[in-house]
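# Per-entry structural report
As a plain string of letters, each chain reads:
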Amino acid sequence: MTVARVRVVDSHTAGEPTRIVVAGAPDLGPGSLALRRLRFDRDGEPFRRAVVAEPRGSDVLVGGLLLPAEHSRCAAGVVFFNPVGTLGMCGHGTIGLVTTLAHLGRMRPGPATIDTPVGEVATDLRANGDVAVRNVDSWRERAGVRIDVPGVGPVVGDLAWGGNWFFLIDGAPAPLVPSEVGRLTEYCLAVRRTLARAKITAPDGAEVDHIELSGPPADRHNQARNFVLCPGGAYDRSPCGTGTSAKMACLAADGRLRPGVAWRQEGILGTVFEGTFEPAARGIRPTIVGRAYITGEGELLLDDRDPFRNGLPE
């Protein structure tokens, strides 16, 4: 009998859960975080699903491997993942990671740089517990992309990068409230299937795997509310850091948001990320501010005798 032990710290950021693996992860070898992500994509599916899929996790859970950074200027490296694959970057997960490192006594208030597969990300842990994340450069790749969605009709959206690829749609088939999640999810899944059939992809051929709907805010102090469907079929409980970055990139491209002006983005639960940006060589360099809370810490036990050691079948 062999039982592997995986030490984790759980948190949620504006309602969206994160599970950081702090010990017991597979050795991904040396090199850049992008290279180590490729190795994890190739060889890490059993471990990935063991950590975040049922019965230990759920479709909504985002995991993060805490890894040594490539460069000494970085406080840590991370590869984020969910039950269906790895992520280039995760805004809410980075806020959760910084909060986790502070909880473990590995980070003090102040600035720190995190190494990710899509580039280095500057963070700032504030004395009140808020975390600012200066994300990677974000931009709108294509504006006004029209698709004909079966059972829905014509849909127009923007293709943008915010650390992940997004198709952003102004408007929604239902109010952006928790009671309409089922309807919103089916709509976004239909949009994603249509994008794939139409071969509308990222410039490198990668799938556009995040769909973001925008609507009016519930609180007049905020600018918008969103619903974001993540890879797989789970929706983001938070306002989505990379999605807010992509949204600001589109607003900036249209001249509807100026550098340094705050954009307060509600998620479907009513929680808020505040974003600002500065111009970048390509698009914008966004900063997202939010807060995470530690919800648990402990060990996952992976028993070789367990038929569901590596998660339930997909």
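In this report, the structure presented in the accompanying data block is examined. On a predicted model such as this, the values are computed, not experimentally measured, just so you know.

Across its full length, the protein holds five helices and 17 strands. Computed over its C-alpha atoms, the radius of gyration of the protein comes to 19 Å, within 12% of the 20 Å expected for a compact globule of 314 residues. For the C-alpha atoms alone, the extent of the protein along its principal axes is close to 55 × 45 × 35 Å. The buried share among the 314 residues of the protein stands at 53%. Within the protein, residue pairs in contact and separated by at least 24 positions form 63% of the contacts whose partners lie at least 6 positions apart. In the structure as shown, the protein presents an accessible area of about 13300 Å², 50% of it carried by carbon and sulfur atoms. The distance from the centre of the 35 positive side-chain charges to the centre of the 36 negative ones in the protein is 2 Å.

With that settled, consider the packing of aromatic side chains. Under the defined criterion, the tally for this structure stands at five aromatic pairs. Look at F40 and F81: their rings are 5.4 Å apart centre to centre, the planes differ by 75°, and that puts the pair in the edge-to-face class. One end of the pair, F40, is in helix α1 (residues 33-43); the other, F81, is in strand β4 (residues 76-82), and 41 residues separate them in sequence. No difference in accessibility class separates F40 from F81, as the two residues are buried. On the numbers, 5.7 Å between centres and 25° between planes, the contact of F227 with Y235 is stacked. Just as F227 is buried, Y235 falls in that class too. Each member of the aromatic cluster is reached from another via a ring pair, and the members are W139, W161 and W165. Above the face of the Y235 ring, R237 is positioned so that its terminal group lies 3.9 Å from the ring centre.

A cis amide bond links E54 to the next residue, P55, at an omega of 10°. Within the element layout of this structure, P55 appears in the loop between α2 (45-52) and β3 (62-67). The backbone of K199 sits at a positive phi, close to 55°, despite the residue not being glycine. Within the secondary structure, K199 sits in the loop between α4 (181-197) and β12 (210-215). Exposure remark for K199: the relative accessible area of 70% places this residue in the exposed category. Here the phi dihedral of C240 falls at roughly 70°; this positive angle occurs in a residue that is not glycine. The residue C240 is located in the loop between β13 (224-229) and α5 (241-253) in this model. Taking the relative accessible area as the measure of exposure, C240 reaches 3% and is therefore buried.

A few words on the pattern of salt bridges. Considering all chains together, one arrives at 20 salt bridges under this definition. Of the charged contacts, one joins D170 and K247 as a salt bridge, the two residues approaching to 2.8 Å between their closest N and O atoms. Here D170 is found in strand β11 (residues 165-170), whereas its partner K247 is found in helix α5, with 77 residues between them in sequence. The exposure class assigned to K247 is buried, which follows from its relative accessible area of 7%. Taken together, the shared-partner salt bridges in this structure form one network comprising R140, D158 and D254.

Further remarks concern the pairing of strand β1 (residues 3-13). The sheet contact formed by β1 and strand β17 (residues 292-303) spans 11 bridges and is antiparallel. Considered in β17, the bridge of V6 is made with L300. Between β1 and strand β2 (residues 16-23), which pair antiparallel in sequence order, lie two residues; one of them, A14, sits at a positive phi of approximately 55°.

One can find P173 in the loop between β11 and α4. According to the relative accessible area criterion, P173 is partly exposed, its value standing at 26%. Once the C-alpha coordinates of P173 and I284 are considered, the two residues, 111 residues apart in sequence, prove to be 30 Å apart.

Attention now goes to the pairing of strand β15 (residues 272-279). Two strands pair when backbone bridges link them, and strand β14 (residues 263-266) and β15 are joined in this way by four bridges, in the antiparallel orientation. Bridge assignment links W263 to a residue of β15, and that residue is G275. Where β14 folds back onto β15 in an antiparallel hairpin, the turn is made up of five residues, including G270, whose phi is positive at roughly 90°. The pairing of β15 with strand β16 (residues 284-290) spans six bridges and is classified as antiparallel.

Note that V62 resides in strand β3. On the basis of relative accessible area, V62 is assigned to the buried category, the value being 6%. Spatially, the C-alpha atoms of V62 and G93 are 7.1 Å apart, while their sequence positions differ by 31 residues. What V62 contacts, discounting residues up to four positions off in sequence, is E16, P17, T18, R19, V52, F80, F81, L87, C90 and H92.

Parameters and conventions
Residues numbered from 1 in each chain as written. Predicted model: local features only at pLDDT ≥ 70, side-chain atom pairs only at ≥ 80, totals over all residues. Heavy atoms only, no water. Helix = DSSP H or I, 4+ residues; strand = E, 2+ residues; numbered from the N terminus. Rg over C-alpha atoms; globule rule 2.2 N^0.38 Å. Buried < 20%, exposed > 50% of the residue type's maximum accessible area, 1.4 Å probe, protein only. Contact = heavy atoms within 4.5 Å. Areas by Shrake-Rupley, 256 points an atom, 1.4 Å probe, with all protein chains shown as cover. Lys, Arg positive; Asp, Glu negative; His and termini not counted. Charge placed at Lys NZ, Arg CZ, Asp CG, Glu CD. Phe/Tyr/Trp six-rings, centres within 6.5 Å; stacked < 30°, edge-to-face > 60°. Lys NZ or Arg CZ within 6 Å of the ring centre and 35° of its normal. Salt bridge = Lys/Arg side-chain N within 4 Å of Asp/Glu carboxyl O. Pairing = 2+ DSSP bridges.

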